[in-house]
Amino acid sequence: MPRFEPAEFGRLLARLTPQELRQAEGLVADARKRAEAVLEIDARADAGGPAASCPRCGGDARTRWGRTRTGTQRWNCSGCGVTWSGRSDTPLARVHRPDLVVALARDMIEAPQPMSCRRGAEVLGASRHSIWRWRMAIIGALKPEPDATLAGIVEADEAHQRESRKGSREWVRHRRDPVNHPVPPRLRWRAYRRRGGSAVAPPGGWRAWEKKLLAVTDRAGHRAFEAIADAGQAAISGALLPVMAPDAVLCTDGFVTYERIAKDARIPHFALNAGRRTERTPRSHHINTVNALISRFRAFMQPFCGPASKNLAAYGRWHAARSNADRSYLHALRLLLASGPRANTVC
Ligand SMILES: [Zn+2]
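Predicted model only: the values in this text are computed from it and were never measured.

### Remarks on the overall build of the protein
Here comes step 1: Across its full length, the protein holds 11 helices and 8 strands.
Here comes step 2: In terms of overall dimensions, the protein has C-alpha extents of about 75 × 65 × 45 Å along its principal axes.
Here comes step 3: In the protein, 60% of the contacts between residues at least 6 apart in sequence involve partners at least 24 apart.
Here comes step 4: Summed over all atoms, the accessible surface of the protein reaches about 20500 Å², with 53% contributed by carbon and sulfur.
Here comes step 5: In the protein, 57 positive and 33 negative side-chain charges are present, and the distance between their average locations comes to 8 Å.

As structure tokens, this is what we get:
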């Protein structure tokens, strides 16, 4: 590859037509996106970063040792001779194509509708099982909004998702060995959907099997979407109050739990029953932003056909990361790199 000469490159740019210049801008933007991931990985091993010292002996004396196959800086410990790079001891270590994981993360956070595992496998040229594993690693590393991030007018509401045990072997195990495997608390959902027969409700009624998520938004583009245990005061205030700035104003649909939370925490609270305002409600106070977030969540979840409830919290954070104005795929990648070594499990 020829050496990069800035003066020569500048002369080449000066000769381009406006149309060619636009093409060149697109190419540079693509190249910069590819380089951003490498820069992010290299930054972990910079002085003061989490991978700056030797992973084996902890020594700080080190020399540069070329670049890895993927272009990241390799380091060599002057004490024990071990080599490492910014992606050692991260979920990206020993992944043969980290560039594909980065491409997947970009699609998951920035595409209008993320690719399915099968489509992702076709587009990226990897196995659909790898795509699924990478996707779960990426969304598993996402974190809730930092404390006191949502400021100004904060809107809150709950979203619902039917409980799911997708992939569960409980029923099969119970049928094979009823002594050691207790009977599951309900039948499979398909058993309640019999056509022609009488409609049978699951034990406790349908509402008892709804999983809840709390959606919180502000007007600056911050979004929180956290799974909560129930719609009780302890669960909602535990998810809502930490992310709200102390001087924020709360707008809700007037659910009695929010009234109590606002009263106890002494937060100004505007209740819009069924989205309707009274004459005393300022025009700026509405719950349209949070309602839009929840309706986008329904559309976002549709292709997954009800993911297992054990993963619901991660899916909620994924949706929040996609809607957050200040979150990019690089933010997701940073969290993935910081989430510790990959668990040695087969899934
Ligand atoms: Zn060492």
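### Remarks on helix 9 (residues 288-301)
Here comes step 1: Its 14 residues give helix 9 an end-to-end C-alpha distance of 20 Å, which sits within 8% of 20 Å, the value for a rise of 1.5 Å per residue.
Here comes step 2: Among all positions of helix 9, only Thr-289, Val-290, Leu-293, Ile-294, Phe-297, Phe-300 and Met-301 are buried. Projected down its long axis, helix 9 shows its buried positions confined to an angular sector of 135°, all on one face. With respect to the buried face of helix 9, the exposed residues turned more than 90 degrees away are Asn-288 and Arg-298.

### Quick word on the coordination of the zinc ion
Here comes step 1: Bound to the zinc ion on the protein side are Cys-54 (SG), Cys-57 (SG), Cys-77 (SG) and Cys-80 (SG), at distances that span 2.2 to 2.3 Å.
Here comes step 2: As a motif over one chain, the donors of the zinc ion read C-x2-C-x19-C-x2-C.
Here comes step 3: On the basis of relative accessible area, Cys-57 is assigned to the partly exposed category, the value being 45%.

### So, empty space enclosed by the protein
Here comes step 1: Following the criterion strictly, the structure yields 1 cavity of 30 Å³ or more and no others.
Here comes step 2: Mapped onto the lining of the largest cavity, the elements with two or more residues apiece are strand 6 (223-228) and helix 10 (312-323).
Here comes step 3: Ranked by residues supplied to the lining of the largest cavity, first place goes to strand 6 with 4 residues.
Here comes step 4: Its residues placed into classes, the lining of the largest cavity shows 6 nonpolar, 1 polar and 6 charged.
Here comes step 5: When residues of the lining of the largest cavity are assigned to domains, at least three fall in each of domain 2 (97-145 + 328-340) and domain 3 (153-165 + 206-323).

### A look at the domain arrangement of the protein
Here comes step 1: Domain annotation of the protein identifies domain 1 (32-89), domain 2 (97-145 + 328-340) and domain 3 (153-165 + 206-323).
Here comes step 2: In total, domain 2 and domain 3 occlude about 1300 Å² of area from one another, counting both sides; carbon and sulfur atoms represent 61% of this.
Here comes step 3: Among the residues of domain 2 in contact with domain 3, Ile-139, Leu-142 and Glu-145 are the three that bury the most area, contributing 38% of the side total.
Here comes step 4: Our enumeration of links across domain 2 and domain 3 arrives at 0 salt bridges.
Here comes step 5: Between the two partners, domain 2 and domain 3, sit 4 residue pairs in polar contact (both at pLDDT 80 or more).
Here comes step 6: Elements with a contribution of two residues or more to the side of domain 2 that touches domain 3: helix 3 (98-110) and helix 5 (128-141).
Here comes step 7: No other element matches the 4 residues that helix 5 contributes to the side of domain 2 that touches domain 3.
Here comes step 8: Residue composition of the side of domain 2 that touches domain 3, grouped by class: 10 nonpolar, 1 polar and 4 charged.

### Here we look at the sheet that holds strand 1 (residues 62-67)
Here comes step 1: Strand order in the open sheet made by the 3 strands is 1-2-3, with antiparallel pairing throughout. Where the open sheet ends on each side, the last strands, each with one partner, are strand 1 and strand 3 (83-85). Direction aside, the axes of adjacent strands within the sheet are offset by 35° on average.
Here comes step 2: Across 3 bridges, strand 2 (residues 73-77) lies against strand 3 in antiparallel orientation. If you follow Trp-75 over to strand 3, its bridge partner there is Trp-84.

### What about unusual backbone geometry?
Here comes step 1: The phi dihedral of Arg-94 is positive, around 65°, even though this residue is not glycine.
Here comes step 2: Within the secondary structure layout, Arg-94 lies in the loop between strand 3 and helix 3.
Here comes step 3: We note that Arg-266 has phi near 55°; this positive angle belongs to a residue other than glycine.
Here comes step 4: Tracing the chain through its elements places Arg-266 in the loop between helix 8 (256-265) and strand 8 (269-271).
Here comes step 5: A relative accessible area of 77% places Arg-266 in the exposed class.

### Some thoughts on the side chain of Glu-226
Here comes step 1: Looking at the element boundaries, Glu-226 is found in strand 6.
Here comes step 2: A residue is classified by how much of its surface remains accessible, and Glu-226, at 15% relative accessible area, is buried.

### Some details on the pairing of strand 7 (residues 249-252)
Here comes step 1: Residue alternation in strand 7 divides its side chains into two sets, Val-249 and Cys-251 and Leu-250 and Thr-252, and both sets are buried.
Here comes step 2: Looking at chain direction, strand 4 (residues 153-162) and strand 7 are connected through 3 bridges and run parallel. Directly across from Val-154, in strand 7, lies its bridge partner Leu-250.
Here comes step 3: With 3 bridges connecting them, strand 7 and strand 8 associate as parallel partners. Within strand 8, the position partnered with Leu-250 by the bridge is His-269.

### Overview of the nonpolar core
Nonpolar side chains in soluble globular proteins tend to end up buried together.
Here comes step 1: Of all hydrophobic cores here, the largest spans 50 residues; its most connected members are Ile-131, Trp-134, Ile-139, Phe-225 and Trp-318.
Here comes step 2: The two domains that each donate at least three residues to this core are domain 2 (97-145 + 328-340) and domain 3 (153-165 + 206-323).
Here comes step 3: Excluding its chain neighbours within four sequence positions, the residues that come into contact with Ile-131 are Leu-104, Cys-117, Gly-120, Ala-121, Leu-124 and Ala-126.

Rules used throughout
Residues numbered from 1 in each chain as written. Predicted model: local features only at pLDDT ≥ 70, side-chain atom pairs only at ≥ 80, totals over all residues. Heavy atoms only, no water. Helix = DSSP H or I, 4+ residues; strand = E, 2+ residues; numbered from the N terminus. Contact = heavy atoms within 4.5 Å. Areas by Shrake-Rupley, 256 points an atom, 1.4 Å probe, with all protein chains shown as cover. Lys, Arg positive; Asp, Glu negative; His and termini not counted. Charge placed at Lys NZ, Arg CZ, Asp CG, Glu CD. Expected span 1.5 Å × (residues − 1). Buried < 20%, exposed > 50% of the residue type's maximum accessible area, 1.4 Å probe, protein only. Arc of directions from axis to C-beta. Donors = N, O, S within 2.8 Å, 3.2 Å for Na, K, Ca; no water. 1 Å grid on protein atoms, 1.4 Å probe; cavity = no way out; pocket = protein on both sides within 12 Å on 5 of 7 lines; lining within 4 Å. Points joined across faces, edges and corners; volume = space filled by probe spheres on them. Nonpolar A, V, L, I, M, F, W, Y, C, P; charged D, E, K, R; others polar. Domains from an automatic or database assignment. Buried area = accessible area lost by both parts, 1.4 Å probe. Salt bridge = Lys/Arg side-chain N within 4 Å of Asp/Glu carboxyl O. Polar contact = N/O pair within 3.5 Å; in protein donor to acceptor, adjacent residues only side chain to side chain. Pairing = 2+ DSSP bridges. Axes fitted to C-alpha atoms, helices over the stretch in contact; angles between N-to-C directions. Core = buried A, V, L, I, M, F, W, Y, C linked by side-chain atoms within 4.5 Å.

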